[in-house]
Protein chains: 2
Amino acid sequence: MASSILSDCSSARLLPFRRALLPPPAARFRPCLALVYPRRLFVSSPAPLPPRLRRMDSVLAAAASSADSATVSTDALAKIIDGKMVAKQIREEIAVEITRMKDAIGIVPGLAVILVHMNDENILNAVSIEKDVDGFHPLNIGRLAMQGRDPFFVPCTPKGCMELLHRYGVEIKGKRAVVIGRSNIVGMPAALLLQKANATVSIVHSQTKNPEEITRQADIVIAAVGVANLIRGNWIKPGAAIIDVGINPVDDLDSPRGYRLVGDVCYEEASKVAGAITPVPGGVGPMTIAMLLSNTLESAKRINKFK
Amino acid sequence: MASSILSDCSSARLLPFRRALLPPPAARFRPCLALVYPRRLFVSSPAPLPPRLRRMDSVLAAAASSADSATVSTDALAKIIDGKMVAKQIREEIAVEITRMKDAIGIVPGLAVILVHMNDENILNAVSIEKDVDGFHPLNIGRLAMQGRDPFFVPCTPKGCMELLHRYGVEIKGKRAVVIGRSNIVGMPAALLLQKANATVSIVHSQTKNPEEITRQADIVIAAVGVANLIRGNWIKPGAAIIDVGINPVDDLDSPRGYRLVGDVCYEEASKVAGAITPVPGGVGPMTIAMLLSNTLESAKRINKFK
C-alpha cells in the first residue's frame, strides 16, 4: 500500500539523526515520547539498541547514500526545492535549541524505536496526546481539521511539505492546491494544512475519474499516492510548485542494489513544466525526519514548560 | 457569521419535534445527551422548560410556518429534493424505534436545551464523546477525517445532506463535489463525508479566487456559506445536484414578519439548470432536526446496549 511504503521509508531514517542530535543518557530526565506508524511503535529508549533495531541502520545507511546521489536534470526549468539542505538547517536550529534547553534546565528530549507488530488503531488510541509527536491521534487530526483550533502536533511529513513551501516563498493563500492521495499520515493532513493556510484544496484519489485534468488546475501539488512516476508532465500547470512525497523503488540493474528510488511525479517531465519541484530522494524524506525532531523538541519544551 | 445563522435556525426547531416524539418524564431512565452550538449548550432536561426556553417556541413556530409556505417555481427543471417529506419519514422511523426500545427495556432517550452564553471550545471539550450527539467534538471530527475510522456521531446538518443525496439516488462515488463554506459544523464535515463516500471534493471559501468556475465543475454542490443567493444559475453545471444549507433572512415587505428566508443558492436561477435541488425553507433544515433525533436515538441505544 502506498502509505506503508511512505511511512517505512520516512521513518526508517530516524535513528542516524537521533544519534547526531540527542545527548547521551547522562541527562537527568528523558520524557517518553511515542509515535506510531502502522505496525511500528516509537518510544523513548535510553538503553543500547536491541539487535532488531541495529539492523535498521543498514537500511538507513542505504537511504542516506541514495539521497546523496540525487541528480538533477540539467534542462530542468523548475527551481529545485532542496529538502536535504532545508532539513539540515532545521536540524541545526533544533540542535541549538536542545543545547539551550540542556544548559538552562538540564533536560533533553529523547526518542527511539520499538517494533511491536500490533493493531495500530489500538496503539494510537493509547498514546498520550502530549507525546503523540507523529500527530496521528484522531483528536489531533480533528483539531487540525477545525477552524479556530490548533493541533498539538502537526504530522511530520505534511508539516515538512508546508515548511518547504514556506521556506521557498511559495504563496499558498488563495491558490488552487491539489493533494493526490488521501492517507491518514500524509494526504489527508496535508490537505487540511493547505486548507488552514487558505488554499482552495481538492483531494484526488483512486476513485477520481479525471485526475490529470484536476491536477492541471493546481498552483500547488502535493503527491502522496505511492505509485512511481504516476504524475506526468502534462498533468502539471506551468509554473506550479510540486511537492513529491512518494518514495518508490523501481528496478535499476545499473544500481549496486538492483533498484533506485523515484517519486510519484515523473521528475524528468515535470521539472520542465513546474516552477519549483522537490527531487526524490533529497526532497520531502529528510524533511519528515527534521519535523519529527522538531515535534519531539516541541513536546519536551511543552511538558517541561520551557520556552 | 454564516454558521451562527445556520446553527441558530437549525437548532431552533428542535423543541417541537422533541415534544412530538419523546415520551413524558415517567420513563425510568433518561441518558444525559449533550450537544453544543456556539454559545448554546443542549443537555437533557426532564423538568419543565424555563421561561427563556419557552420563548424559543415562538421562533420555532415562525420557522415551521415559513417552511409550510415554501413554494416552488413552476418552470423549474430540477427535481425538488423534499427535505420536509424525507425528514417526516425519518422521524416516523425514529418514533417506531423509540416505541420498540421503550417496550423492550423501558428506556427512552431525552434531549433538551440550556442557554449558557460560555466559551464553546471549553464546553465541547468537556462533553462526553458518547453524548456528543452533535458530533462536534474534535475527536469525533478526527475520526470522521481518517480512513478506516468511523465517527461516534456524524454531525447533524452534513448527515442530513448526505441522507438527502442517498434517498434521492444521487450517485456520489467518483463524482466531483464542491462544498462552499468551511465551517466546523457544516462545510468541513460535509466535505469529509463526501470524501469518505469517494467523491472528489473541493472546498470553496472566502479566499477562493474563482468560486464560480470551480463550482461549475461539480456534479454535487453543498452550499453552506450563509450569504443569501450567492450561488447563481451560471455557477451550476447542468444536471448537478444542489444541497442548499443556507437559511438567510431577506427583507420582504409582503411578509407579515417583514422578511422571508432564502438559501445561499439563487433558487429561481439554479432550479432551471440543476438536476435536483433543495428548496429553502423545506430542504436541509428539517433534516438537521431529524438527524439530531437519529443521533440521540443512536446514543441511547449504544449506551444501553440495545439493538
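Residues numbered from 1 in each chain as written. Chains lettered and ligands numbered in written order. Predicted model: local features only at pLDDT ≥ 70, side-chain atom pairs only at ≥ 80, totals over all residues. Heavy atoms only, no water.

- Entered under Catalytic activity (unreviewed entry) in the UniProt record, the comment concerning chain A runs "(6R)-5,10-methylene-5,6,7,8-tetrahydrofolate + NADP(+) = (6R)-5,10-methenyltetrahydrofolate + NADPH".
- Database annotation for chain A, UniProt heading Pathway (unreviewed entry): "One-carbon metabolism; tetrahydrofolate interconversion." (UniProt positions renumbered as here; feature names shortened; annotations may be inferred.)

Looking at the packing of aromatic side chains
- Following the criterion strictly, the structure yields zero aromatic pairs over all chains and no others.
- Between A:Arg302 and the ring centre of A:Phe153, over which it is positioned, the NZ or CZ distance is 4.7 Å. (Phe/Tyr/Trp six-rings, centres within 6.5 Å; stacked < 30°, edge-to-face > 60°. Lys NZ or Arg CZ within 6 Å of the ring centre and 35° of its normal.)

Details of empty space enclosed by the protein
- Under the definition given, this model contains seven cavities of 30 Å³ or more.
- Roughly 130 Å³ of internal volume is contained in the largest cavity.
- Among the secondary structure elements, those contributing two or more residues to the lining of the largest cavity are helix 9 (187-196) and strand 6 (200-204) of chain A together with helix 9 (187-196) and strand 5 (200-204) of chain B.
- For the lining of the largest cavity, the class distribution of residues is ten nonpolar, three polar and no charged. (1 Å grid on protein atoms, 1.4 Å probe; cavity = no way out; pocket = protein on both sides within 12 Å on 5 of 7 lines; lining within 4 Å. Points joined across faces, edges and corners; volume = space filled by probe spheres on them. Helix = DSSP H or I, 4+ residues; strand = E, 2+ residues; numbered from the N terminus. Nonpolar A, V, L, I, M, F, W, Y, C, P; charged D, E, K, R; others polar.)

Examining the pattern of salt bridges
All names here are of chain A.
- On inspection of all chains with the given rule, the structure shows 20 salt bridges over all chains.
- With a shortest N-O distance of 3.2 Å, glutamate 93 and arginine 167 are connected by a salt bridge. With a gap of 74 residues between them, glutamate 93 in helix 5 (residues 83-105) and arginine 167 in helix 8 (residues 156-167) connect regions that are remote in the sequence.
- Sharing partners across several salt bridges, the network here consists of Glu93, Glu163 and Arg167. (Salt bridge = Lys/Arg side-chain N within 4 Å of Asp/Glu carboxyl O.)

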